[in-house]
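# Examination of the molecular architecture
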Amino acid sequence: MRVEQRSITGFLGQPEVQFVIPVYQRVYSWRRPQLSELWTDLMHAGKSEMPHFMGTVFYSEEDSHREGLRQLDIIDG
């Protein structure tokens with residue numbers, strides 16, 4: 001296991017990375033209000049110089065079907 005601390009924009013803004021939610025993960029029941037709040041928080045964190053704790057994200061890097069693309073399966077987070 002490797003542990004890193006990164007900014008949310010450094011994690012989500014990686015070039016040529018595809019985030020995948022595996023089918024065995026639970027179904028999320030978020031609606032537009034919850035998604036809107038998350039998006040607002042992400043946008044604020046990306047523009048702000050203030051730290052914003054998003055929590056821990058566990059992922060597994062899988063073989064991609066496309067050359068040069070990294071596929072990260074989100075395990076939890």
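The rules behind each value
- Residues numbered from 1 in each chain as written.
- Predicted model: local features only at pLDDT ≥ 70, side-chain atom pairs only at ≥ 80, totals over all residues.
- Heavy atoms only, no water.
- Helix = DSSP H or I, 4+ residues; strand = E, 2+ residues; numbered from the N terminus.
- Polar contact = N/O pair within 3.5 Å; in protein donor to acceptor, adjacent residues only side chain to side chain.
- Contact = heavy atoms within 4.5 Å.
- pLDDT = per-residue confidence, 0-100.
- Patch = residues over 30% accessible without salt bridge, like charges linked within 9 Å, V, L, I, M, F, W, Y side chains within 5 Å.
- Areas by Shrake-Rupley, 256 points an atom, 1.4 Å probe, with all protein chains shown as cover.
- Salt bridge = Lys/Arg side-chain N within 4 Å of Asp/Glu carboxyl O.
- Buried < 20%, exposed > 50% of the residue type's maximum accessible area, 1.4 Å probe, protein only.
- Pairing = 2+ DSSP bridges.
- Axes fitted to C-alpha atoms, helices over the stretch in contact; angles between N-to-C directions.

## Some thoughts on the side chain of Gln14
By the secondary structure assignment, Gln14 is in the loop between helix 1 (8–12) and strand 1 (17–20). Within polar-contact distance, the side chain of Gln14 engages the side chain of Arg70 at 2.9 Å. Setting aside its immediate chain neighbours within four residues, Gln14 contacts Arg6, Thr9, Phe19, Arg70 and Leu72.

## Quick notes on unusual backbone geometry
With a phi close to 60°, Glu16 is a non-glycine residue in the positive phi region. With respect to the element layout, Glu16 can be found in the loop between helix 1 and strand 1.

## A closer look at the confidence of the model for the protein chain
Looking at the protein chain as a whole, its pLDDT mean stands at 81, while 99% of the residues score no less than 70. Across the protein chain, element-level confidence peaks in strand 1 with a mean pLDDT of 87 and bottoms out in helix 1 with 76.

## Section: a nonpolar patch on the surface
On the surface, Met1, Val3, Tyr24, Phe58 and Ile75 cluster together into a nonpolar patch covering about 650 Å² of accessible area. One can find Ile75 in strand 3 (residues 70–76). Residue Ile75 is classed as partly exposed on the basis of its relative accessible area, which comes to 34%.

## Brief notes about the sheet that holds strand 1
The mixed open sheet is built from three strands, whose spatial order is 1-3-2. Among the strands making up the open sheet, the edge pair consists of strand 1 and strand 2 (58–62). Pairs of neighbouring strands in the sheet enclose a mean axial angle of 30°, with direction left out of account. Alignment of strand 1 against strand 3, held across four bridges, turns out to be parallel. Its bridge partner being in strand 3, Gln18 is matched across the sheet by Gln71.

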